[in-house]
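Chain residues, written in single-letter form:
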Amino acid sequence: MKMKIAIIGYGPGGVAAATAAKTFDSSVEVLILTTEDLPAHKKPGATMALEHPETRELEIRDWSYETLKKKGIEVKTGVKVVGGDLEKKSLDVISSDGKSSSIEFDRLIIATGGNPAVPEMPGIDLPGVHTIQSMAETSIIGKELDTTDEIVIVGAGFSGLETAERLYKMGKKVHLIIRSRLMRKQLEEAMSKDLLSRIPRGIKLHLGSAPTSVVGTKHVTGIEVGGETIDTSLALFMTGVSPNSSLAEQLGLKVGTLGGITINNMTETSKDGVYAVGDCVEMTDTLTGKPRLMPIGSTAARAGRQAGVAAVGRSKVYEDTSVMLQYDRIFDTDIVCIGHSSTSARDVGLETEIQYLEDPNEAMKVALVTDNEGRLIGGQVLSARMGARVGYEILNRVEAGVTLKERPMLQGRHEQILSLLERTFGPMK
Ligand SMILES: Cc1cc2nc3c(=O)[nH]c(=O)nc-3n(C[C@H](O)[C@H](O)[C@H](O)COP(=O)(O)OP(=O)(O)OC[C@H]3O[C@@H](n4cnc5c(N)ncnc54)[C@H](O)[C@@H]3O)c2cc1C
């Protein structure tokens, strides 16, 4: 009998798990279950669908039904897992036409993602108020844009900034509401300020205040913030996600203090043969052992690979699964965040020191985060170009757990970057 692996979730966590399981044991049967009806797409690219609501260009070809089928992975779309019995190894499923069925499995991988974390306030449920979690939602917003010129975006993380840039480039009047500062969790304060200076003047910034209510009766007509009302018929709340762990909890799995499914370094949950990855879990901070939420696609994909390998019975532990790595290019700037910032380090009880480096030739600013033993535990890069290159050098050291004195050797290819790196890390061979 072939081993059956059921995976709940068709995002980066679920697909990476499916692919890894099939790669390491081609004999297993792999079934992905998803509530979504559309083929997998790039979530960062989801903001592109604002401009082209009908586009298929954002689909990830490597993750299409056909490509996965060729690898022996089946995708069942438009189905919601509503419960199940982990002892009997079965899941209860409802399809979009209302039919109930059950699915048997030998191993289960849960990759149910996150729920948008939208602040409670009067009017928040009015039509015209949206989050962006799926391509389907983005396409609806894209159509509403035909009749809207002034848009309010709440939240200044990666996705809020991406969305602001996209809408601004489409010629819309964009208001960006920033409660504290740009990317507060990922960037040092000086880096936030630097990034702020790169935002085009045409985007109206509302700094230091959070919205207090959504105005309107049948549809949003405005957002109240800092004592003023911004007139708008479209408000996008890009205020982060919380783990979508309710199904796991219902199935009897342990959920941690931060609301994510508890897993170990092999992504095993509290039940044998059940694994969980992605935005729905709590990762373990490698330096302190404390739980940490890391709701980003790259982490979901790395953890997915680990889950797939573990589910087919391999004992390999990938050490890089819980290293935070985010890259984006917004406002003509490479933004790279690796490992801990001083804010995320403080959250797990670590004291840090920050060194800054600048290279005006590349419009580059780098922050290096070290712990009290001088180990590099994180870094941030803002740069007109080559940000990924510098980011890689930081990542390399963070993963190795070394001090900057211990690992000064680099292979620089670009003269100016080379000189910046030498000033940062010491002479290179
Ligand atoms: C606009 C935007 C931009 C982003 N940009 C970046 C970026 O630049 N870089 C980056 O690394 N990350 C980015 N992210 C975050 C990234 O998309 C998420 O971290 C990632 O998608 C999480 O992957 P996941 O596999 O955990 O879950 P998801 O991708 O959220 O997928 C969850 C899956 O679970 C399924 N599901 C949930 N419940 C059930 C159920 N009961 N039954 C059946 N199926 C279920 C859903 O249908 C879905 O298929 C962005 C997110 C957004 C919204």
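Residues numbered from 1 in each chain as written. Predicted model: local features only at pLDDT ≥ 70, side-chain atom pairs only at ≥ 80, totals over all residues.

Points about the overall build of the protein
Next up, step 1: Helix and strand counts for the protein stand at 11 helices and 26 strands.
Next up, step 2: For 429 residues, the compact-globule formula gives about 22 Å, and the C-alpha radius of gyration of the protein, at 22 Å, lands near that figure.
Next up, step 3: Over its C-alpha atoms, taken along the principal directions, the protein stretches across nearly 60 × 60 × 40 Å.
Next up, step 4: Counting over 429 residues, the protein shows a buried share of 43%.
Next up, step 5: Sequence-distant contacts in the protein: of pairs separated by 6 or more residues, those separated by 24 or more amount to 62%. (Helix = DSSP H or I, 4+ residues; strand = E, 2+ residues; numbered from the N terminus. Rg over C-alpha atoms; globule rule 2.2 N^0.38 Å. Buried ≥ 20, exposed ≤ 12 C-beta atoms within 10 Å, placed from the backbone. Contact = placed C-beta atoms within 7 Å.)

As for the domain arrangement of the protein
Next up, step 1: Assigned domains within the protein: domain 1 (4-37 + 77-115 + 241-311), domain 2 (118-237) and domain 3 (332-415).
Next up, step 2: Averaged C-alpha coordinates put domain 1 and domain 3 at centres separated by 32 Å.
Next up, step 3: On the side of domain 3, 4 residues touch domain 1, which itself brings 5 residues to the contact.
Next up, step 4: For the side of domain 1 that touches domain 3, the per-class residue count stands at 1 nonpolar, 1 polar and 3 charged. (Domains from an automatic or database assignment. Nonpolar A, V, L, I, M, F, W, Y, C, P; charged D, E, K, R; others polar.)

Describing the sheet that holds strand β3 (residues 73-76)
Next up, step 1: With parallel pairing, the 5 strands of this open sheet are ordered in space as β3-β2-β1-β7-β19. The open sheet is flanked by β3 and β19 (274-276), the only strands paired with a single partner. With strand direction ignored, the average angle separating the axes of adjacent strands in the sheet is 20°. (Pairing = 2+ DSSP bridges. Axes fitted to C-alpha atoms, helices over the stretch in contact; angles between N-to-C directions.)

Details of the pairing of strand β24 (residues 353-359)
Consecutive residues of a regular strand have side chains that alternate between opposite faces of the sheet.
Next up, step 1: In this sheet, strand β25 (residues 364-370) lies alongside β24 in antiparallel orientation, the contact comprising 7 bridges. In the sheet register, I354 faces β25, and the bridge partner there is V369.
Next up, step 2: Linking β24 back to β25 in an antiparallel pair, the connection comprises 4 residues, with A363 at a positive phi of about 45°.

A few points about the packing of helix α1 (residues 12-24) against helix α8 (residues 297-311)
Next up, step 1: Relative orientation of the contacting elements α1 and α8 amounts to 35°, with a least axis distance of 7 Å. Between α1 and α8 lies a crossing whose hand is right-handed. Counted together, P12, G13, G14, V15, A16, A17, A18, T19, A20, A21 and F24 of α1 and G297, A300, A301, A303, G304, R305, A307, G308, V309 and A311 of α8 form the full contact between these two elements.
Next up, step 2: Grouping the amino acids of the contact of α1 with α8 by side-chain chemistry returns 14 nonpolar, 6 polar and 1 charged. (Left-handed = near helix turned anticlockwise from the far one by under 90°.)

A few points about the environment of T370
Next up, step 1: Tracing the backbone through its elements, the reader meets T370 in strand β25.
Next up, step 2: On the neighbour-count criterion, T370 (19 C-beta atoms within 10 Å) is partly exposed.
Next up, step 3: For the pair T370 and V402, spaced 32 residues apart in the sequence, the C-alpha separation amounts to 9.9 Å.
Next up, step 4: Apart from the residues within four sequence positions on either side, T370 is in contact with T352, E353, R375, L376 and I377.

Some details on the nonpolar core
Next up, step 1: Within the largest apolar cluster, 106 residues are counted, with the highest numbers of intra-cluster contacts made by I7, A17, I109, I153, A235 and V277.
Next up, step 2: Sort the elements by how many residues they give to this core and α8 lands first, with 7 residues.
Next up, step 3: Every residue in contact with I109, bar those within four places of it in the chain, is listed here: I5, I7, G14, A17, Y275, V277, A307 and A311. (Core = buried A, V, L, I, M, F, W, Y, C linked by C-beta atoms within 7 Å.)

A word on the environment of I263
Next up, step 1: The topology assignment puts I263 in the loop between β18 (261-262) and β19.
Next up, step 2: Beyond its immediate sequence surroundings of up to four residues, I263 is in contact with E268, T269, A276 and V281.

Focus on the pairing of strand β6 (residues 100-104)
Next up, step 1: The buried fraction of β6 is low, at 0 of 5 residues.
Next up, step 2: Bridging between strand β5 (residues 90-95) and β6 involves 5 bridges; their strand directions are antiparallel. Counterpart to D92 in the pairing with β6 is S102.
Next up, step 3: Between β5 and β6, which follow one another and run antiparallel, lie 4 residues, and G98 among them has a positive phi close to 90°.

Observations concerning α8
Next up, step 1: The first and last C-alpha atoms of α8 sit 20 Å apart over 15 residues, in line with the 21 Å expected at 1.5 Å per residue.
Next up, step 2: When you tally the buried positions in α8, you get 13 out of 15 residues, the bulk of the element. (Expected span 1.5 Å × (residues − 1).)

Some details on the sheet that holds strand β11 (residues 173-178)
Next up, step 1: An order of β9-β16-β10-β11-β12 is seen for the 5 strands of this open sheet, with the pairing classed as parallel. Strands with a single pairing partner mark the edges of an open sheet, and in this sheet they are β9 (129-130) and β12 (204-207).

So, the confidence of the model for the protein
Next up, step 1: Taken residue by residue, the protein gives an average pLDDT of 90. The fraction at 70 or more is 92%.
Next up, step 2: Here residues 409-413 is a poorly scored stretch, pLDDT under 50, and it has 10 contacts once near neighbours within four places are set aside; other chains count. (pLDDT = per-residue confidence, 0-100.)

Looking at unusual backbone geometry
Negative phi is the rule for most residues except glycine; trans is the rule for most peptide bonds.
Next up, step 1: Even without being a glycine, K89 presents a positive backbone phi close to 55°.
Next up, step 2: Since 17 C-beta atoms lie within 10 Å of it, K89 is described here as partly exposed.
Next up, step 3: The phi dihedral of A363 is positive, around 45°, even though this residue is not glycine.
Next up, step 4: Inspection of the secondary structure assignment puts A363 in the loop between β24 and β25.

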